[in-house]
Amino acid sequence: MTEIDNQYIFSKQELLYNPKQHNPTVFVYGLGSGGSHLTVALAKTGITNITVYDYDFVELDNIPAQFYTVQQGRTKMLKTLATAENVKNLTDTDIQTENIKIDENFQPQVVKDSIHVLAIDNIETRKLLANKLKGFPVHVIDGRIGGFNYELHYFRADNEKQTEDYLKSLEGTFAELRCGEKCLWALNALTASKTVANIIKLTKEKPPSLMVNGHLLTDTVLEKKQPVEPNTKPEYRENNIHLYGDNESVYANLNTNTEEETDEDNDNDDEDEESEDW
């Protein structure tokens, strides 16, 4: 038994999230910019029931944006093995790895109330996974990043309306970003953190927003909230990001506007304070 087994290392966070009480089963599909950060973030939070899927190798040009070492890039290590190694070194956690490509023959593991994170950079594979999970009692989170922008989508796979709306979000034409504007480490760390926050919400039976759209260089987000009453439409709301607390109070408004408040700003204060925070 190691030293870390003999010492409870999460005592400083246990009032916020206690992995002894909540340890969900999480499946991460894709270990690129988003998935490599997220897997480490999950283990750092204390979540240990993690399975990751990828088939690619670490390249040197992955190093700036993805959670890998230069040595792993030089040796072209499998991303599944490299991620498992990083998680083990950083948290002494052993994760499950599946070095496979997700295609029509792939069958996801279905565990009731498990959380499936789509961290893949391919729209068609997202559609494939969403349809394979459709109808099962599981949660699905999809993170999309590009440039300075990010989106987080959530749906419960046995909720027909949520699943249908998510699949509609995958329709249309998606522009390919040029080399040099793909993503930044800061954006990947941000979306990984927000995904962990959504997972914590689910463990506390607080459903995440159905969609959040934001920009790395601003504190304003567009949020599609779940309806409070049955048979009502989801609500869109643009609001400033707030710190999230278990007592559901707003701890701090992170509005970066330093200009003197106008009468119009003051009129909107009440509305901002009523917005649900992260």
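Residues numbered from 1 in each chain as written. Predicted model: local features only at pLDDT ≥ 70, side-chain atom pairs only at ≥ 80, totals over all residues. Heavy atoms only, no water.

Turning our attention to a nonpolar patch on the surface. There is a patch of nonpolar side chains on the surface, built from Phe 148, Leu 184 and Leu 217 and spanning about 290 Å² of accessible area. Structurally, the position occupied by Phe 148 is in the loop between strand S5 (139-146) and strand S6 (149-156). What makes Phe 148 partly exposed here is its relative accessible area of 35%. (Patch = residues over 30% accessible without salt bridge, like charges linked within 9 Å, V, L, I, M, F, W, Y side chains within 5 Å. Areas by Shrake-Rupley, 256 points an atom, 1.4 Å probe, with all protein chains shown as cover. Salt bridge = Lys/Arg side-chain N within 4 Å of Asp/Glu carboxyl O. Helix = DSSP H or I, 4+ residues; strand = E, 2+ residues; numbered from the N terminus. Buried < 20%, exposed > 50% of the residue type's maximum accessible area, 1.4 Å probe, protein only.)

Take the packing of helix H2 (residues 33-45) against helix H4 (residues 79-91) next. As a packed pair, H2 and H4 sit with axes 10 Å apart at the nearest point and diverge in direction by 25 degrees. Relative to H4, H2 is oriented roughly parallel. Of the two elements, H2 crosses H4, and the hand of that crossing is right-handed. Where H2 abuts H4, its residues Thr 39, Val 40, Ala 43 and Lys 44 lie against Thr 83, Val 87, Leu 90 and Thr 91. Looking at the contact of H2 with H4 residue by residue, the class counts come to four nonpolar, three polar and one charged. (Axes fitted to C-alpha atoms, helices over the stretch in contact; angles between N-to-C directions. Parallel < 35°, antiparallel > 145°, perpendicular 65-115°, else oblique. Left-handed = near helix turned anticlockwise from the far one by under 90°. Contact = heavy atoms within 4.5 Å. Nonpolar A, V, L, I, M, F, W, Y, C, P; charged D, E, K, R; others polar.)

Under the counting rule described, the total for this entry stands at four aromatic pairs. Between the aromatic rings of Tyr 29 and Tyr 53, the centroid separation amounts to 4.9 Å while the plane-to-plane angle is 15 degrees, which identifies the pairing as stacked. One end of the pair, Tyr 29, is in strand S1 (residues 26-29); the other, Tyr 53, is in strand S2 (residues 50-54), and 24 residues separate them in sequence. What makes Tyr 29 buried here is its relative accessible area of 0%. Look at Tyr 53 and you get buried, because its relative accessible area is 3%. (Phe/Tyr/Trp six-rings, centres within 6.5 Å; stacked < 30°, edge-to-face > 60°.)

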